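# Overview (structure and organization)
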Amino acid sequence: MPNRLADQASPYLLQHAGNPVDWYPWGEEAFEQARASERPLLLSIGYAACHWCHVMEHESFSDPGTAALMNSGFVCVKVDREERPDVDHIYMTAVQMLTGRGGWPLTVFLTPDGRPFYGGTYFPPEPRHGMPAFREVLRAVMDAWRTRRSDLVTHADELRDLIARSGHTEPGGPAPAGDPVQAAVVRLRSAFDPTHGGFGGAPKFPQPALLDLLLDWRIATGDAQAGRMVTHTLRAMARGGIRDHLAGGFHRYSVDARWLVPHFEKMLYDNAQLARTFMRAGLAEDAPDLRAVALETLDYVLADLTDAGGGFYCARDADSEGEEGRHYVWTEAEVDAVLGEDASLFKRAYDVSAVGNWEGVNILHLPHDPDALARSAGMEPARMAATLASARARLLEARAARPEPLRDDKVLTDWSGLTVRALAEVGWRLERPAYVTAAARAARFLLDTLRVDGRLLHAWRDGRRGEGSFLSDHAALGNGLLSLYEATLDPVWAREAATLAEALLERFGDAGEPLLHDTPADGEALIVRPRDLSDGALPSGNALAAELLARLGPLFGRDDWTERARRLVDAARPMADRHPLAFGHLLGVEARLRSGPLEVALVGAPDAVATLHRTLAARITPGLVLAGPGLDESPLLAERGAPEGEARAWVCWHRTCSAPLPDAESLGDELDRVGLPRPSG
């Protein structure tokens with residue numbers, strides 16, 4: 001018989017609707033029941049594409065005996081971390097403080113008013129690898145609640161205070177001397193893996209914010225080594241098993257150091273951010289292969305993760321047919337059966353063998369240089385590329401007959417905002433107008449569907465809106481809208497971005513405090529009001545907000561927005577100085593504020609403006625602030641015009657503006673003169 005989760009919208013909660021556990025969704029009903037029964041809450045947090053969440057659901061939550069123990073001793077609450085990042089952040093912080101590590105599924109025991117006192121992540125059904133059995137944990141907590149409740153409550157009070165303090169920076173006085181971005185680059189050099197790319201050893205995450213930081217440093221300083229670190233890492237990822245070589249897109253991370261064996265879930269936020277990073281590196285380092293990966297990645301997003309209304313779905317699961325990665329891996333016999341005479345070349349190129357490269361099967365990857373492979377095969381590179389492309393298409397067609405991993409078809413505003421930004425920027429810069437159209441369609445869907453009475457909401461699925469509203473939604477979508485404005489010069493998008501900036505300052509700030517909260521002042525009262533300053537898989541809400549304010553301030557002549565961005569970055573500096581690799585996006589904003597904006601104004605006839613606009617697209621300029629015809633409220637356009645039928649551009653750098661530039665050649669020359677040419681590799 002279904003439990004209380006059966007009427008929820010979240011695919012993750014619906015996965016647990018048939019459990020014998022008497023699950024409650026997060027809400028006052030669960031807390032009322034805990035208070036009335038004087039039982040602690042057992043909070044379980046995960047997400048639909050999480051492999052180990054599925055394992056624990058199968059091993060423990062579907063087991064009648066374990067469920068009976070859970071139901072007798074606890075009020076059991078299930079949360080989708082993607083719907084409630086605020087709840088996830090609070091209790092993940094608690095578990096990290098208790099155990100020194102975190103992850104999903106997250107298992108936390110709470111007092112009836114929500115204070116955590118014990119927790120962990122995945123617990124097996126039997127003792128294993130130093131982990132206690134889940135039933136042992138349940139019995140121990142039940143016994144402690146009966147016999148030592150006052151001690152647990154005292155501990156919960158102390159832990160809550162620690163969580164509250166974790167969202168505050170230490171008063172530090174003036175910012176430390178020296179360039180924090182340069183210090184981060186030094187740290188990245190020391191952590192860089194020169195063999196496989198990336199930073200550190202296994203597991204390896206894509207970390208696009210850090211790659212973008214290095215790329216911006218390369219553009220600003222000419223540091224060729226920083227550029228090589230970026231391109232080497234991106235190429236290693238593009239060749240590795242972390243990339244889906246048949247359908248496109250990237251899996252979540254690699255469990256090994258050489259990008260071969262992924263956790264097979266595909267997340268929207270990874271693919272959006274990586275597509276933008278590949279594009280930027282491809283242009284800045286004159287690398288067509290990287291630009292091609294950017295296009296393929298967004299083609300995947302549009303084909304597989306796009307809702308009919310225009311929003312973007314969250315993820316594809318790691319599991320199918322009860323196995324992680326089953327949809328994506330191949331035996332040698334399967335490849336032979338599909339490809340016939342082309343199988344030999346494909347197997348050499350993609351490391352397919354009878355013994356396999358992972359648990360007896362094969363993860364497709366490219367261990368060899370393509371030109372070297374073509375020479376060894378006695379083929380022209382173009383012919384080999386065409387043969388392999390044909391083979392990939394046939395394998396993808398064969399793979400389509402397999403059961404597909406679950407698609408989590410929630411639409412989240414912040415993740416979709418990142419995707420709007422990627423589509424707009426890649427579409428404009430790589431001349432893919434269909435991407436810009438998709439970005440505009442998604443932006444309109446998000447604003448029309450997820451903004452209610454001026455309040456931007458977080459989640460939507462199948463016509464149902466969630467209630468949550470978060471800083472990251474406003475900031476990520478605001479940056480996406482601003483990039484869409486730069487791609488289209490349609491002033492409606494810049495104005496909508498400014499509206500979101502006003503809203504995030506009003507709803508997520510505290511008077512006199514530079515840092516912003518992740519939840520609004522009128523949001524649900526949790527045990528603390530969360531504020532996460534460091535980047536995770538997504539940039540922090542504060543970093544995205546600082547970037548939005550720093551981009552919008554010069555465009556609209558709002559010095560107060562620029563100053564607020566600077567104050568926010570300065571307030572986070574003590575933590576960023578101690579842990580620079582956790583603050584890549586914020587440090588990127590710091591670099592932007594230090595260097596100042598590169599302001600470009602375009603005026604004149606639409607066709608002539610379009611030519612100048614296209615010239616800008618080919619240049620990766622980290623501090624770009626672009627104003628075009630129709631945005632009359634921008635001071636960059638004040639008292640500037642062009643002869644009828646013509647266009648003019650002005651470039652302003654360090655408060656010094658060029659003479660009016662009449663054509664693409666003079667605009668390009670001026671960009672060279674101010675020291676921001678396109679690097680050639």
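As the structure is a computational prediction, the values presented were derived from the model and not from experiment.

### Some words on the packing of aromatic side chains
What the rule picks out here adds up to 19 aromatic pairs. Seen in terms of ring centroids, Trp26 and Tyr91 are 6.1 Å apart; in terms of plane orientation they differ by 55°. Their pairing is tilted. Of this pair, Trp26 sits in the loop between strand 1 (24-25) and helix 2 (28-37) while Tyr91 sits in helix 5 (residues 85-99), and the two are 65 residues apart along the sequence. On the basis of relative accessible area, Trp26 is assigned to the buried category, the value being 15%. Residue Tyr91 is classed as buried on the basis of its relative accessible area of 3%. Seen from their ring centres, Trp52 and Tyr122 are 5.1 Å apart, and the 55° between their planes marks the pair as tilted. Taken together, the residues Trp52 in helix 3 (residues 51-61) and Tyr122 in the loop between strand 5 (116-120) and helix 6 (134-147) connect sequence positions 70 residues apart. Among the aromatic residues, ring-to-ring pairing joins Trp23, Phe61, Phe123 and Phe134 into one connected group. The cationic tip of Arg81 hangs over the ring face of Trp104; the distance from NZ or CZ to the ring centre is 3.9 Å.

### Overview of empty space enclosed by the protein
One pass over the full model with this rule turns up three cavities of 30 Å³ or more. Here the largest cavity defines a volume of roughly 130 Å³. Lining the largest cavity are 13 residues, and of these Asp212, Gln273, Arg276, Leu418 and His585 lie nearest its centre. Elements supplying a minimum of two residues to the lining of the largest cavity: helix 9 (208-221), helix 11 (268-284) and helix 17 (413-429). With four residues, helix 11 is the largest single contributor of residues to the lining of the largest cavity. Grouping the amino acids of the lining of the largest cavity by side-chain chemistry returns seven nonpolar, three polar and three charged. One number sums up the size of the second largest cavity: a volume of about 60 Å³. A breakdown of the residues in the lining of the second largest cavity according to their chemical character gives three nonpolar, three polar and three charged.

### Remarks on the state of the cysteines
Enumeration according to the criterion identifies two disulfides in this entry. A sulfur-sulfur separation of 2.4 Å characterises the disulfide bridge that pairs Cys50 with Cys53. Taking the sign of the torsion about the S-S bond as the criterion, the disulfide between Cys50 and Cys53, at about 80°, is right-handed. With a relative accessible area of 3%, Cys50 lands in the buried category. For Cys53, a relative accessible area of 2% puts it in the buried group. The thiol of Cys76 is unpaired, and the distance to the nearest cysteine sulfur, on Cys53, comes to 16 Å. Exposure remark for Cys76: the relative accessible area of 1% places this residue in the buried category. Of all cysteine sulfurs in the structure, the one in Cys50 sits closest to Cys314, which takes part in no disulfide; the separation is 14 Å. Judged by its relative accessible area of 1%, Cys314 falls in the buried class.

What counts, and where the lines are drawn
- Residues numbered from 1 in each chain as written.
- Predicted model: local features only at pLDDT ≥ 70, side-chain atom pairs only at ≥ 80, totals over all residues.
- Heavy atoms only, no water.
- Phe/Tyr/Trp six-rings, centres within 6.5 Å; stacked < 30°, edge-to-face > 60°.
- Helix = DSSP H or I, 4+ residues; strand = E, 2+ residues; numbered from the N terminus.
- Buried < 20%, exposed > 50% of the residue type's maximum accessible area, 1.4 Å probe, protein only.
- Lys NZ or Arg CZ within 6 Å of the ring centre and 35° of its normal.
- 1 Å grid on protein atoms, 1.4 Å probe; cavity = no way out; pocket = protein on both sides within 12 Å on 5 of 7 lines; lining within 4 Å.
- Points joined across faces, edges and corners; volume = space filled by probe spheres on them.
- Nonpolar A, V, L, I, M, F, W, Y, C, P; charged D, E, K, R; others polar.
- Disulfide = S-S within 2.5 Å.

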